[in-house]
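Understanding the architecture of this molecule
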Amino acid sequence: MVDDNTTDAVERAAELLSGRRTVVISGAGLSTDSGIPDYRGPDSPPRTPMTYQQFVGDPVFRQRYWARNHIGWRRMDAARPNAGHRAVARLERAGVVSGVITQNVDLLHMKAGARRVIDLHGTYARVRCLRCANLISRMTLAQYLEAANPGFAENVSAAATGIEVAPDADAVVTDTDRFRMVDCLSCGGMLKPDIVYFGENVPPDRVEAAFGMVDRAQALLVAGSSLTVMSGLRFVRRAAKNGVPVVIVNRGRTRGDELATLRIDVGCSETLWALAELGS
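Below is a summary of the structure that appears in this document. (Residues numbered from 1 in each chain as written. Predicted model: local features only at pLDDT ≥ 70, side-chain atom pairs only at ≥ 80, totals over all residues. Heavy atoms only, no water.)

Taken in spatial order, the six strands of this open sheet run β3-β2-β1-β7-β8-β9, and their pairing is parallel. At either margin of the open sheet sits one strand with a lone partner, and together these are β3 (117-119) and β9 (262-264). Strand-to-strand, the axes of this sheet are offset by a mean angle of 15°, without reference to chain direction. Bridging between strand β7 (residues 219-223) and strand β8 (residues 246-249) involves four bridges; their strand directions are parallel. Across the sheet, residue Leu221 finds its bridge partner in β8, namely Val247. Strand contacts of helix α9 (residues 230-241): β1 (22-26), β2 (97-102), β7 and β8, with the helix running at about 150° to β7, the strand carrying the most contacts. (Pairing = 2+ DSSP bridges. Helix = DSSP H or I, 4+ residues; strand = E, 2+ residues; numbered from the N terminus. Axes fitted to C-alpha atoms, helices over the stretch in contact; angles between N-to-C directions. Contact = heavy atoms within 4.5 Å.)

Following this line, the structure appears as structure tokens:
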């Protein structure tokens, strides 16, 4: 449910976006209603996201990560789109949304039916070799890891309930010392989730595609992102520079607030669904 003040803001947002090609930038706050916690929401506990340097430079850290990811990716794979994801897909079908740039790796936009999506930070569902760049599915790696660690996932699930999973599919699992990692079967190189970690650059072609999408837009809608990191904020700055309206829907402040034409400080699911009701 949305209150009267929010209803007024949603109607104003609908007016701003009406008749304009709108690009959506989404962040972790859009997926919280699907059971995936965010990093920086007002009710989120302090988190220390993994860095690229930690992953490639510390075998013990990497072992712990893969053990935790072996549990976490399954929880993320099982997550389902919420009303916010469905609203964005509905607005795309209605011709209001021309594309989505998501900072999330959960594939929930695609699962909701959106078609023109740039996964800015990659996805949990692929794994890449850092030596030969060979890609495999996360399901395939799961089979290799299960063969190397028979019963690990079942034992963890039996010993704990309600395991928390971070937005990068990292599950809170403590007993990881005996977990065996798997190397690339093609070249023996180091495997890494096809996700852009902190300290790592988004691939240039992906950034170029996202800027192109923003430059063709006539409006920008930010959903569930604090815009704390530059990977998302730069697109808001570009849209503002282009002189197009910027609507931000997010709980709590964002780094892009001063650039916003309209700011709605509420949850994404109910607000985007109300917006879709008006715009489709």
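On β8, burial covers both faces: Val246 and Ile248 on one face and Val247 and Val249 on the other are all buried. Between the parallel elements β7 and β8, the chain passes through α9 in a crossover that is right-handed. Where β8 lies against β9, three bridges are found, and the strand directions are parallel. Residue pairing across strands places Ile248 opposite Arg263, the latter belonging to β9. (Buried < 20%, exposed > 50% of the residue type's maximum accessible area, 1.4 Å probe, protein only. Right-handed = clockwise from strand over helix to strand, strands pointing away.)

Moving on, we come to the state of the cysteines. Should the sulfur atoms of two cysteines be covalently bonded, the bond is a disulfide. Enumeration over the complete set of coordinates arrives at zero disulfides. No disulfide involves Cys184; its sulfur sits 3.8 Å from that of Cys129, the nearest cysteine. Residue Cys184 is classed as buried on the basis of its relative accessible area of 6%. Cysteine Cys187 remains unbridged, with the sulfur of Cys129 as its closest cysteine sulfur at 3.5 Å. (Disulfide = S-S within 2.5 Å.)

An ideal rise of 1.5 Å per residue puts 28 Å on 20 residues; helix α3 (residues 59-78) measures up with 29 Å between its terminal C-alpha atoms. Its side-chain oxygen at 3.0 Å from the backbone nitrogen of Val60, Asp58 defines the N-terminal cap of α3. (Expected span 1.5 Å × (residues − 1). Polar contact = N/O pair within 3.5 Å; in protein donor to acceptor, adjacent residues only side chain to side chain.)

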